[in-house]
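What follows is the residue order along each chain.
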Amino acid sequence: MPALGACKQNAPHPLDKLAAVRAAPYDPVRPLYRALLVFDIVALLILAVGLGEFLYFEPPGQSTGLKATIAGVYLYDPTADSTSGPDRRTFIRSEQFAAVVNWSSLPQNIVVDARWYDSFEAVVGRVGPGTPEQLAGQTTIPVGLPAGLKYNLPGQYVFVVERLQGGVPVEVLARRIVLVERE
Amino acid sequence: MITYPPTSPTPPIWAANPRPRGRPERYRLTIAVAVIVLIVLVASSILDYVYLDTIPSRTALYGLLSVALVALATIIGVRALDRNPADRRRHLIRAGVLLGLAVLLWLLVIDVFVFTGAAGPGVAAISALACLPTTAFGLFVVRRMDRNEKEPWRLVLVAFAWGAIVATSMVIWGESLWSAVAERALVPGPGLDASTAFSAGLLEELAKGVAVLLLFLLMRNEFDDVVDGIVYGAAVGLGFNFMESIAYMTNLYAIFSPEGVGGYAAGFQWYARQVLGLFFGHATYTALIGAGIGIARQLVSRRQKVIAVASGFLIAIAAHFSWDAWLAFFPIETSALGLVEIHLRTLIMTGPFTAAVIALLLSGIRYEGKALAEQFQKEAAEGTGAILPAEVPILASPWRRLAQRMHALGKGGVRAYLALARLQTAQLDLAMERWHRERKEIDEPLEAEHELRRRVIELRRPSRVPSLKPLT
């Protein structure tokens with residue numbers, strides 16, 4: 001076994017080791033690249049939150065197979081609170097219209113509502129939420145004029161009957177799309 | 001003293017870098033990307049027309065000829081860059097005529113099938129005229145951001161045209177289809193909003209980013225680093241914002257004019273998109289893509305290059321998504337307070353991304369400035385005569401360069417100013433070439449550097465620069 005002193009003598013000097021280490025040349029592009037990677041993490045977080053939001057409002061596995069019945073979309077007279085004429089898919093701006101829903105086709109143990117969305121995705125008409133039995137007296141759901149306007153806004157209007165869970169709409173039970181023409 | 005070969009008998013090539021021997025590998029990638037873009041445009045137009053039959057889809061279909069003309073003009077324009085002055089002039093004229101025809105045709109199609117349909121050609125024309133000065137200002141500012149070596153106007157305008165015409169055409173089908181499917185399948189509300197925001201972020205940023213990617217692959221000589229990437233990206237974004245502003249202004253005018261407030265609605269859109277959102281919206285998003293590509297330009301490892309490019313796209317998509325998806329969480333009141341709220345909303349939601357772009361830009365400018373100063377010193381030390389030791393501190397500072405040009409203007413008039421500006425630009429080109437060669441980021445022959453050096457010496461002649469006297 002060699003003496004400890006001999007080992008110490010043969011071992012390379014620590015400073016020699018340091019001298020053998022060559023520092024990598026500093027490249028100023030590296031900090032930019034690293035900053036980009038940090039922004040990347042933020043971007044991934046944003047997209048993950050977005051995905052979470054989507055899944056919260058569109059939870060998978062919510063399809064019950066239930067279907068609500070929309071009898072049609074008709075001209076509406078607000079003074080008489082009644083509908084008239086045939087079922088239509090297009091209206092002009094000065095015409096008021098309403099959807100008629102048959103709530104009796106739905107089971108009584110669910111919470112539902114019905115809404116009109118205009119082309120800006122604003123809610124412009126609504127009944128509910130409640131059980132189909134509670135809403136049985138509200139079969140006509142008219143589109144309301146936006147505050148301060150004389151006519152309906154043109155564009156695509158979407159009417160949906162939704163099933164709610166925990167106060168959040170989770171399933172569309174029926175849907176109708178109508179067009180309000182510009183002229 | 002370095003010696004270099006005598007000037008060749010062929011006409012001198014004054015581009016930053018003459019044509020390389022053989023075509024670089026990236027050209028194949030460029031062709032692949034261009035073919036994909038063309039397929040997307042053709043397929044989107046036909047599919048949208050057949051299956052969705054929306055007015056914009058008809059626009060896209062009839063606009064295909066215009067898109068083809070833009071593509072042809074771009075190819076001829078790019079070819080012109082590598083040719084001798086006589087050929088270049090001929091090619092540029094052809095490209096200009098084709099581009100002009102394409103723009104006219106496109107505007108005609110847009111007017112007839114979209115804006116005229118919505119609000120009439122008069123409103124469309126007024127909207128376009130209202131957006132022109134603000135967008136031009138935006139382009140001017142964006143180009144000026146590159147303090148050391150400004151990008152050529154022709155490329156900045158090509159980027160702008162892509163954003164305005166090609167990118168908007170590319171997204172029509174995808175967004176229409178996505179919207180049609182989502183509206184029939186999803187629960188209206190925040191979930192649908194998030195889905196639409198994903199579609200806008202993904203499709204629009206991909207369509208805009210392709211322009212920056214193509215410039216990076218094709219015009220490597222004019223795409224130096226992160227600063228250039230941000231400039232080109234922002235220009236593409238401004239183009240997209242220009243066309244989108246006109247579309248929104250005319251549409252809202254048509255919607256609200258029966259109520260007597262069409263002008264206010266259009267004016268509000270103009271302010272929101274052309275003043276408040278000029279730099280905060282699309283310009284910021286696509287600048288982020290440009291930053292990623294610009295950083296990739298100077299990375300060595302292929303893996304890191306791919307990550308940097310993908311990162312730019314990812315950040316831009318996230319930024320765009322966050323605005324579209326969460327806008328509804330910051331409602332604006334109709335009272336006077338709403339005026340404050342709308343500014344705060346933009347600042348809070350897009351401000352951090354714009355700040356990120358500015359941070360990358362400032363770092364890039366600082367880094368580029370240091371690198372160029374180092375190259376000025378090295379060139380001066382070699383004693384080639386292209387850069388004199390006394391000129392180094394002036395060339396290294398944009399302000400001192402400007403002061404020297406103003407001095408020349410005072411002493412020798414506009415001619416002296418322009419001559420000195422040309423000399424400074426050539427000196428900056430030379431330093432940029434040296435920098436890229438030192439970093440092994442260049443695939444052009446060494447003659448390019450010699451050519452640039454000869455160019456500087458030629459421009460230095462007293463007859464070319466009447467009042468050249470370095471300020472110290």
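Residues numbered from 1 in each chain as written. Chains lettered and ligands numbered in written order. Predicted model: local features only at pLDDT ≥ 70, side-chain atom pairs only at ≥ 80, totals over all residues.

Caption draft 1: Examining the environment of Tyr-157 of chain A more closely. All names here are of chain A. With respect to the secondary-structure elements, Tyr-157 resides in strand E8 (residues 155-165). A tally of 23 C-beta atoms within 10 Å means that Tyr-157 is categorised as buried. Sequence-wise, Tyr-157 and Trp-116 are 41 residues apart; in three dimensions their C-alpha atoms are separated by 6.9 Å. What Tyr-157 contacts, discounting residues up to four positions off in sequence, is Trp-116, Tyr-117, Asp-118, Ser-119, Val-143, Val-178 and Val-180. (Helix = DSSP H or I, 4+ residues; strand = E, 2+ residues; numbered from the N terminus. Buried ≥ 20, exposed ≤ 12 C-beta atoms within 10 Å, placed from the backbone. Contact = placed C-beta atoms within 7 Å.)

Caption draft 2: Spotlight on the domain arrangement of chain A. Domains assigned within chain A are domain 1 (25-57) and domain 2 (69-181). A C-alpha centroid distance of 42 Å is found between domain 1 of chain A and domain 2 of chain A. (Domains from an automatic or database assignment.)

Caption draft 3: Region of interest: the sheet that holds strand E6 (residues 123-130) of chain A. Residues and elements named next belong to chain A. As summarised here, the arrangement of the five strands in space is E3-E9-E8-E5-E6, forming an open sheet in which the pairing is mixed. For this open sheet the edge positions go to strand E3 (90-92) and E6, each flanked by a neighbour on one side alone. Each neighbouring strand pair of the sheet contributes to a mean axis angle of 20°, computed without reference to strand direction. (Pairing = 2+ DSSP bridges. Axes fitted to C-alpha atoms, helices over the stretch in contact; angles between N-to-C directions.)

Caption draft 4: Layout of helix H5 (residues 121-144) of chain B. Residue and element names in this part refer to chain B. With 24 residues, H5 ought to run about 34 Å at 1.5 Å a step, and its terminal C-alpha atoms sit 34 Å apart, in line with that. The sharpest bend along H5 comes to roughly 30°, located at Leu-132, with the proline Pro-133 sitting one to four residues further on. Turning to H5, its buried residues are Val-123, Ala-124, Ser-127, Ala-128, Cys-131, Thr-135, Gly-138, Leu-139 and Val-142. (Expected span 1.5 Å × (residues − 1). Bend = angle between axes of the 7 residues up to and from the residue.)

Caption draft 5: How the structure looks around the interface of chain B and chain A. Contact with chain B, which involves 35 residues of that partner, is made by 35 residues of chain A. Listed by contribution, the elements that provide at least two residues to the side of chain B that touches chain A are helix H6 (153-185), helix H7 (190-218), helix H8 (226-256), helix H10 (282-297), helix H11 (302-326) and helix H13 (351-382) of chain B. Sorting elements by how many residues they give to the side of chain B that touches chain A places H11 of chain B first, with nine residues. Tallied by class, residues from the side of chain B that touches chain A come to 22 nonpolar, 10 polar and three charged. (Nonpolar A, V, L, I, M, F, W, Y, C, P; charged D, E, K, R; others polar.)

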